[in-house]
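# Architecture and fold: a report
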Amino acid sequence: GAGVSQSPSNKVTEKGKDVELRCDPISGHTALYWYRQRLGQGLEFLIYFQGNSAPDKSGLPSDRFSAERTGESVSTLTIQRTQQEDSAVYLCASSSYSLSGNTIYFGEGSWLTVV
Amino acid sequence: LAKTTQPISMDSYEGQEVNITCSHNNIATNDYITWYQQFPSQGPRFIIQGYKTKVTNEVASLFIPADRKSSTLSLPRVSLSDTAVYYCLVAEGDSSYKLIFGSGTRLLVRP
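Overview of the structure. (Residues numbered from 1 in each chain as written. Chains lettered and ligands numbered in written order. Predicted model: local features only at pLDDT ≥ 70, side-chain atom pairs only at ≥ 80, totals over all residues. Heavy atoms only, no water.)

All names here are of chain A. Scanning all chains against the criterion turns up 5 salt bridges over all chains. Across the pair Glu 44 and Arg 36 runs a salt bridge, and its minimum N-O distance is 3.0 Å. Of the residues examined, Arg 36 reaches a relative accessible area of 3% and is grouped as buried. (Salt bridge = Lys/Arg side-chain N within 4 Å of Asp/Glu carboxyl O. Buried < 20%, exposed > 50% of the residue type's maximum accessible area, 1.4 Å probe, protein only.)

Structural data, given as structure tokens:
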């Protein structure tokens, strides 16, 4: 597609279960980002990928969170043993740096509710 | 620490011009300034980007003074549909790929 695609769009899971969130970036975009946004809050940076590598994982909230990217394309954010405080929308974005700067494009997010 | 500082909220009326200023005192030489708009239940949407002086597109203008320590997003003749959160974003350090958002400005446009 033309934009960043995320799935699932909505997920309700029980506390303690694992969840996987998927992001399909814009074709050809080398950089991919994951952000978390709690209700009424700003965007919290989680991790970014340059190609398939994640130079900085310091934004991940805990060791229950992990992310990978393959083929310089699809990325998966995994949350293990989910907790209620993990409830948020998880936003993926992608970008390709050019001489005019680095414009990132966001998907519509995956809304996670932990009950 | 947040790279940018913006007002938490602003109120305006339909038809007015709205100016939202963002402070970024530690902006680096290679950093660009980008503004995003976010509606409830949607991902942020790119509005405008600039490096210095003035940039204008079909929806907004961006004013950046010579020292680049601040920038002002100008929305001409706002409408009710411009009610949203506006984020100012400056690239992180030497890497343009670690993009940290500030808390944003909630703009409310009244009839």
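Another point: the layout of surface pockets. Residue and element names in this part refer to chain B. Computed from the structure, the largest pocket encloses a volume of approximately 470 Å³. Looking at the lining of the largest pocket residue by residue, the classes come out as 12 nonpolar, 11 polar and 4 charged. One number sums up the size of the second largest pocket: a volume of about 150 Å³. Lining the second largest pocket are Gln 37, Arg 45, Ile 47, Asn 57, Glu 58, Val 59, Ala 60, Leu 75, Pro 76, Arg 77, Asp 82 and Tyr 86. When grouped by side-chain class, the residues that make up the lining of the second largest pocket number 6 nonpolar, 2 polar and 4 charged. (1 Å grid on protein atoms, 1.4 Å probe; cavity = no way out; pocket = protein on both sides within 12 Å on 5 of 7 lines; lining within 4 Å. Points joined across faces, edges and corners; volume = space filled by probe spheres on them. Nonpolar A, V, L, I, M, F, W, Y, C, P; charged D, E, K, R; others polar.)

So, on to the state of the cysteines. Residues and elements named next belong to chain B. Applying the stated criterion across every chain, the model contains 2 disulfides over all chains. Across a sulfur-sulfur distance of 2.2 Å, Cys 22 and Cys 88 are joined as a disulfide pair. Judged by the torsion about the S-S bond (-80°), the Cys 22/Cys 88 disulfide is left-handed. Placement of Cys 22 in strand E2 (residues 18-23) and of Cys 88 in strand E8 (residues 84-91) is noted, with a sequence separation of 66 residues between them. Neither residue differs from the other here; Cys 22 and Cys 88 are each classed as buried. (Disulfide = S-S within 2.5 Å. Helix = DSSP H or I, 4+ residues; strand = E, 2+ residues; numbered from the N terminus.)

Turning to the sheet that holds strand E7 (residues 70-75) of chain B, a few remarks are in order. Picture the strands of a sheet paired through backbone hydrogen bonds; they go either parallel or antiparallel. Residues and elements named next belong to chain B. Pairing in this open sheet of 4 strands is antiparallel, and the strands run E2-E7-E6-E5 from one edge to the other. The sheet terminates laterally at E2 and strand E5 (53-56), the two strands that pair on one side only. Put simply, the sheet's adjacent strands are angled 15° from each other on average, direction ignored. (Pairing = 2+ DSSP bridges. Axes fitted to C-alpha atoms, helices over the stretch in contact; angles between N-to-C directions.)

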